[in-house]
Amino acid sequence: MSDPPTSHALSPHSPAVGAAAPDPSSLLPDDEPVQLLDDEGVLHEVAGYPLDLGAEELRQLYRHMVLTRRLDKQAINLQRQGQLGVYASCLGQEAAQVGSAWAGAAQDWIWPSYRELGAALVRGVDPAALLHVFRGTWLGDWDPRATGFGLISIPIGTQALHAAGYAMAARFDGADLVVLSYLGDGATSEGDAHEAMNFTGVFQAPCVFVVQNNHYAISVPLAQQTHAPTIAHKAVGYGMPGLRCDGNDVLASYAVTKKAVERARDGQGPALVEAVTYRMEGHTTADDPTRYRSDAETAEWQGDEVRTRASQLREAIYDAPHGDPLELFEHVYVQPPASYDEQRAQLRAELEQQEP
Amino acid sequence: MSPITMAQALNTALHDAMAEDEGVVVYGEDVGVLGGVFRITDKLQDRFGETRCFDTPLAESGIVGTAVGMAVYGYRPVVEMQFDGFTYPAFEQLVSHLAKYRNRSRGHLSMPVVVRIPFGGGIGAVEHHSESPEGYFAHTAGLKVASPGTPSDAYGMLREAIATPDPVIFLEPKRRYWLKEEITWPVEGTPFGRAVVRRGGTTASLFAYGPMVRTCLDAAEAGEAEGWDLEVVDLRTLVPFDHDTVTDSVRRTGRGIVVHEAPVFAGFGAELAAQVSQRCFYHLEAPVMRVGGFDLPYPPAKLEAYHLPDVDRILDAVERSLSYV
Ligand SMILES: Cc1ncc(C[n+]2csc(CCOP(=O)(O)OP(=O)(O)O)c2C)c(N)n1
């Protein structure tokens, strides 16, 4: 357990149940996704989305995007070499992830899905730890409490409820803390995503849902996922604002998420940010995207390639052995059942038999 | 001292746990102002306020999924599924997350969460209100599964469940909510994994948990007329399972009969029978008999009495066991 919650006083943190419903028009997204950088890379000011970043922070954003791209490429290569079982690339989504994650403060939390290498790097998660999940050495190997980066979650949309619960807890505890819940466009169809948004709306929990609309859920395009005008429009149904940004514009992704984060920090409840982007790679390394989309479509989204090398990651993964099989019994329970002694002994005996 | 019901014992356990530990929060559907449809959370909101006992939107997956997040934060959520049959929307959160979280995080994130479920039949309820889902949960590594058979155990086991650092599926035998018992306070927490012999005997051993404990005691009493001296063992927790008490009992009586409301096929009784036959093979005078519901979807209320195990069905099984000589 982390430090026990300190205070449960009713006010001022009591659930806002019964609070007046907001005016729906104030919740609607802008007609066009917010863009601060145009296609030529020229910065434009957009009213309501001020940019509060100095030169050093801008460099850091760029650095993290480059790092993400290099490590992502490296991961794909590692998979091709048989070092990883599978990998879900975030190529094309670096700006959406780095920009949105940058909007969180040190104490804030991110609950990712499985494609958030960029967000993980921003939170200081060791990329090798992340890739060990895809290698299968362990199921999750970083301390979420040390990084504010939760476990990756493969059952689609389920992690949104963990984010919602954490945000509810923070609100009841009166903590200065905002939760960023990462989802894909497909995940917005899942019941758990709906329940998470509804819960955070009802309890006015400080949770920002960052939906990376990369246009595909494996092969299924957005149009088959929802008949809503945009994903951001769904927010209205939960009484929270829906915001849209150009997810390929790191500054827009940052500024729009930041606005939602500040609102939440200010006690104004959850928000949904739709970052419009594109998945340049297949769904995972096991996917063949030529079966459902054209090269021409992908080419339209193609940006400038960044060509660099990453060798450190390779070393951390290359031929890394799996751990001690007996550790399998180690973490399931704090207080394991007696049957574990017997079964551990059985496995030990089987292992000894294998050794000549 | 006047006797109290199992429902009151559970309410008192929640109350005492909340008073003792600020991190304990109770939530679910209608558990706040109403105090729960069975009043198990009665007056907790009055006493502890709306951030410690509160109603959620109507969404079971949401209730269990947010409990995972609240536990990561540091709370000890005790959530209620309104009825057994409405636990299924939360199945994924229970199996894919609550049960696995500690393991997936390599021990970083424990899940001190209790999921309370009023379960079982016998109250003439409408469809989906009489299910016995314990087998699903006992089969899921990472969960603990408990079901009290008496009011004082209801108190002691719920306190233990809340204090346990692992996730506990706490199955409350709803037909026994009104069962009364004189309780001598204070009641200590009842350690998990310790079955209890409710009635000593020599003819055969009856094994039960939750709602069937009372039924087995009734059967043992009725069996006296046949000249049978039946032992009744209350398992209390299915996970962890108390091998010692179970095998000790069978080694003494030579015969085991396991009783539950759930359908017999692939039910928890199959696990018990297998464990006993492996551990007490040479002590057994007869195969372990299983008594349960039929392999049917839970029947309509007017027919449930035909489905549920009762004293006669239990005594028939005793007779079948005794026919092996
Ligand atoms: C509950 C569940 N159903 C199906 C799957 C199989 N699956 C894995 S990823 C995926 C698509 C998810 O799409 P989206 O939410 O848009 O995220 P993206 O992969 O595009 O980042 C599917 C169907 C799953 N992991 N979980």
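Residues numbered from 1 in each chain as written. Chains lettered and ligands numbered in written order. Predicted model: local features only at pLDDT ≥ 70, side-chain atom pairs only at ≥ 80, totals over all residues. Heavy atoms only, no water.

1. Side note on the pairing of strand β3 (residues 207-213) of chain A
Residue and element names in this part refer to chain A.
Point 1. Most of β3 is tucked away: seven of the seven residues are buried.
Point 2. Every second residue of β3 is oriented toward a common face, with Cys 207, Phe 209, Val 211 and Asn 213 on one face and Val 208, Val 210 and Gln 212 on the other, all of them buried.
Point 3. Here strand β2 (residues 179-184) runs beside β3; their pairing, made up of six bridges, is parallel. By the bridge assignment, Gly 184 is partnered in β3 with Gln 212.
Point 4. In this fold, β2 hands off to helix α7 (residues 191-203), which returns the chain to β3; that crossover is right-handed. (Buried < 20%, exposed > 50% of the residue type's maximum accessible area, 1.4 Å probe, protein only. Helix = DSSP H or I, 4+ residues; strand = E, 2+ residues; numbered from the N terminus. Pairing = 2+ DSSP bridges. Right-handed = clockwise from strand over helix to strand, strands pointing away.)

2. Here we look at the sheet that holds strand β6 (residues 242-246) of chain A
Residues and elements named next belong to chain A.
Point 1. What the five strands build is an open sheet, ordered β1-β2-β3-β7-β6; its pairing is parallel. Strands with a single pairing partner mark the edges of an open sheet, and in this sheet they are β1 (109-111) and β6. Ignoring which end each strand starts from, the neighbouring axes of this sheet average 20° apart.
Point 2. With three bridges connecting them, β1 and β2 associate as parallel partners. Among the inter-strand pairings, Trp 109 is bridged to a residue of β2, identified as Val 179.
Point 3. Relative to β3, α7 is tilted by about 150°, and along the sheet it contacts β2, β3 and β7 (271-276).
Point 4. The sheet contacts of helix α8 (residues 250-265) involve β2, β3, β6 and β7, and relative to β6 the element is tilted by about 160°. (Axes fitted to C-alpha atoms, helices over the stretch in contact; angles between N-to-C directions. Contact = heavy atoms within 4.5 Å.)

3. Thoughts on the confidence of the model for chain A
For any part of a model where pLDDT is low, the fine detail of the predicted coordinates should not be relied upon.
Residues and elements named next belong to chain A.
Point 1. Chain-level statistics for chain A give a pLDDT mean of 90 and a share of 92% at 70 or above.
Point 2. Below a pLDDT of 50 lies the segment residues 1-13, which in the model reaches 29 contacts outside its immediate sequence neighbourhood of four places, other chains included.
Point 3. Under a pLDDT of 50 for its full length, residues 304-309 has, in the predicted model, eight contacts with residues more than four places off or in other chains. (pLDDT = per-residue confidence, 0-100.)

4. A look at the site of the ligand
Residues and elements named next belong to chain A.
Point 1. Looking at the ligand, there are 15 residues lining it, with Tyr 114, Arg 115, Gly 186, Ala 187 and Tyr 216 nearest.
Point 2. Contacts to the ligand include Asn 214, whose side-chain N or O atom sits 2.9 Å from an oxygen atom.
Point 3. In isolation the ligand has 590 Å² of accessible area, and contact with the protein removes 72% of it.
Point 4. Residues that form the shell around the ligand fall into these classes: eight nonpolar, four polar and three charged. (Near = heavy atom within 4 Å. Polar contact = N/O pair within 3.5 Å; in protein donor to acceptor, adjacent residues only side chain to side chain. Areas by Shrake-Rupley, 256 points an atom, 1.4 Å probe, with all protein chains shown as cover. Nonpolar A, V, L, I, M, F, W, Y, C, P; charged D, E, K, R; others polar.)

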